[in-house]
Amino acid sequence: MERKINFSINEYYHLYNRGTDKHEIFLDSKDYLRFKALLYVCNSSDSVDIARHFKNGRTFSDLFFVRRKRTLVDIGAYCLMPNHFHILVKEKIPGGVTQFMLKLLTGYSMYFNKKHKRTGPVFERAFKAKHVNTDTYLKYLFAYIHLNPVKIIDPEWKESGISDIRRTERYLNSYQNSSYLIYQQKNYQEEEIINKGAFPEYFEKVDDFNDFIKEWLLFNTHEGLGEGQG
């Protein structure tokens, strides 16, 4: 089924996709790191040559220091889950979203199939996208995307509420595969992926972000966090 959406410059979009037949697309920590590195290097008008970057003993982490030319989108938030992902973007140039996602998903699929000795599609059809056309919706997505990992330890939390708020907060603070820690102002390499300045300043301080997340954890139900694939 074709995606019924036209992307426009300076507009915000929630992008997401999952593994074919809901299969896992991240099987170990290196898979997650590879995808995060691709979030950075594929967001460029340059062609992507991962093999070239690994010369002279470079690692995945070194990719975050590769100089890029013009970026295609601004990324405001992301979350990688075992069988799906979410990315919040703002398009910067005509066709930027489509170019970025084509490079990202093609690059990761080639890596994943080669590493895990498999063939065929990794992702379920084309990526999905929703136009973020209100300020309320845009702010809400910072909660929705960053709270996805809660399902790993508390699958029914949206329906039944949080059973242990302290445990949940500790888990979110230990989850390495989203931009949550970037908004905690932790000093780590993945902060190069996102551009906070391209999005409204909802969270001037870390406490503002923490209060916002905690409010959603405590007071919102399934109806309040129903979006996309997770």
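The rules we used
Residues numbered from 1 in each chain as written. Predicted model: local features only at pLDDT ≥ 70, side-chain atom pairs only at ≥ 80, totals over all residues. Heavy atoms only, no water. Helix = DSSP H or I, 4+ residues; strand = E, 2+ residues; numbered from the N terminus. Buried < 20%, exposed > 50% of the residue type's maximum accessible area, 1.4 Å probe, protein only. Areas by Shrake-Rupley, 256 points an atom, 1.4 Å probe, with all protein chains shown as cover. Contact = heavy atoms within 4.5 Å. Salt bridge = Lys/Arg side-chain N within 4 Å of Asp/Glu carboxyl O. Pairing = 2+ DSSP bridges. Polar contact = N/O pair within 3.5 Å; in protein donor to acceptor, adjacent residues only side chain to side chain. Expected span 1.5 Å × (residues − 1).

A. Spotlight on the overall build of the protein. Along the protein, the regular secondary structure elements total nine helices and four strands. The N-to-C order of helical and strand elements in the protein reads β-α-α-β-β-α-β-α-α-α-α-α-α. For the protein, buried positions account for 50% of its 230 residues. Per element, the accessible surface of the protein, about 11900 Å² overall, is 47% carbon and sulfur.

B. Fine view of the environment of proline 149. Within the secondary structure, proline 149 sits in the loop between α4 (135-146) and α5 (150-153). The spacing of proline 149 and tyrosine 175 is 26 residues in sequence and 7.6 Å in space, taken between C-alpha atoms. Discounting chain neighbours no more than four positions away, the residues touching proline 149 are Cys79, Met81, Tyr171, Leu172 and Tyr175.

C. Structural context of the side chain of glutamate 190. Residue position: glutamate 190 is located in the loop between α8 (180-183) and α9 (206-219). Residue classification places glutamate 190 among the buried positions, given a relative accessible area of 5%. Glutamate 190 has contacts with Leu33, Lys36, Phe64, Tyr78 and Ile182, leaving out every residue within four places of it along the chain.

D. The arrangement of the pattern of salt bridges in detail. On inspection of all chains with the given rule, the structure shows seven salt bridges. Between aspartate 28 and lysine 115 there is a salt bridge; the shortest N-O distance is 2.8 Å. Placement of aspartate 28 in the loop between β1 (12-18) and α1 (29-41) and of lysine 115 in helix α3 (residues 96-115) is noted, with a sequence separation of 87 residues between them. For lysine 36, the salt bridge identified is with glutamate 190, shortest N-O distance 3.0 Å. One end of the pair, lysine 36, is in helix α1; the other, glutamate 190, is in the loop between α8 and α9, with 154 residues separating them in the sequence. Glutamate 190 shares its class with lysine 36; the two are buried. Within the structure, one salt-bridge network assembled from shared partners comprises Arg18, Glu124 and Lys128.

E. Highlighting the environment of phenylalanine 127. Looking at the element boundaries, phenylalanine 127 is found in the loop between α3 and β4 (128-132). A C-alpha to C-alpha distance of 5.1 Å links phenylalanine 127 and asparagine 17, two positions 110 residues apart in sequence.

F. Region of interest: the pairing of strand β3 (residues 84-91). By the criterion of burial, β3 is predominantly enclosed, with eight of the eight residues buried. On β3, burial covers both faces: His84, His86, Leu88 and Lys90 on one face and Phe85, Ile87, Val89 and Glu91 on the other are all buried. Two elements, β1 and β3, share seven bridges in a ladder whose sense is antiparallel. Counterpart to histidine 14 in the pairing with β3 is leucine 88. Connecting strand β2 (residues 73-81) to the next strand, β3, in antiparallel fashion are two residues.

G. Just the environment of tyrosine 13, in detail. Position of tyrosine 13 among the secondary structure elements: in strand β1. Residues tyrosine 13 and lysine 130, 117 residues apart in the sequence, show an inter-C-alpha distance of 5.5 Å. Of the polar contacts made by the side chain of tyrosine 13, one reaches the backbone nitrogen of serine 8; its length is 2.8 Å.

H. Expanded view of α1. Between its terminal C-alpha atoms α1 stretches 19 Å, which fits the 18 Å expected from 13 residues at 1.5 Å a residue. Counting buried residues in α1 gives 11 out of 13 residues, a clear majority hidden from the surface. Those residues of α1 lying buried are Asp31, Tyr32, Leu33, Arg34, Phe35, Lys36, Ala37, Leu38, Leu39, Tyr40 and Val41. For α1, the side-chain oxygen to backbone nitrogen distance between the N-cap and lysine 30 is 3.1 Å, and the N-cap itself is aspartate 28.

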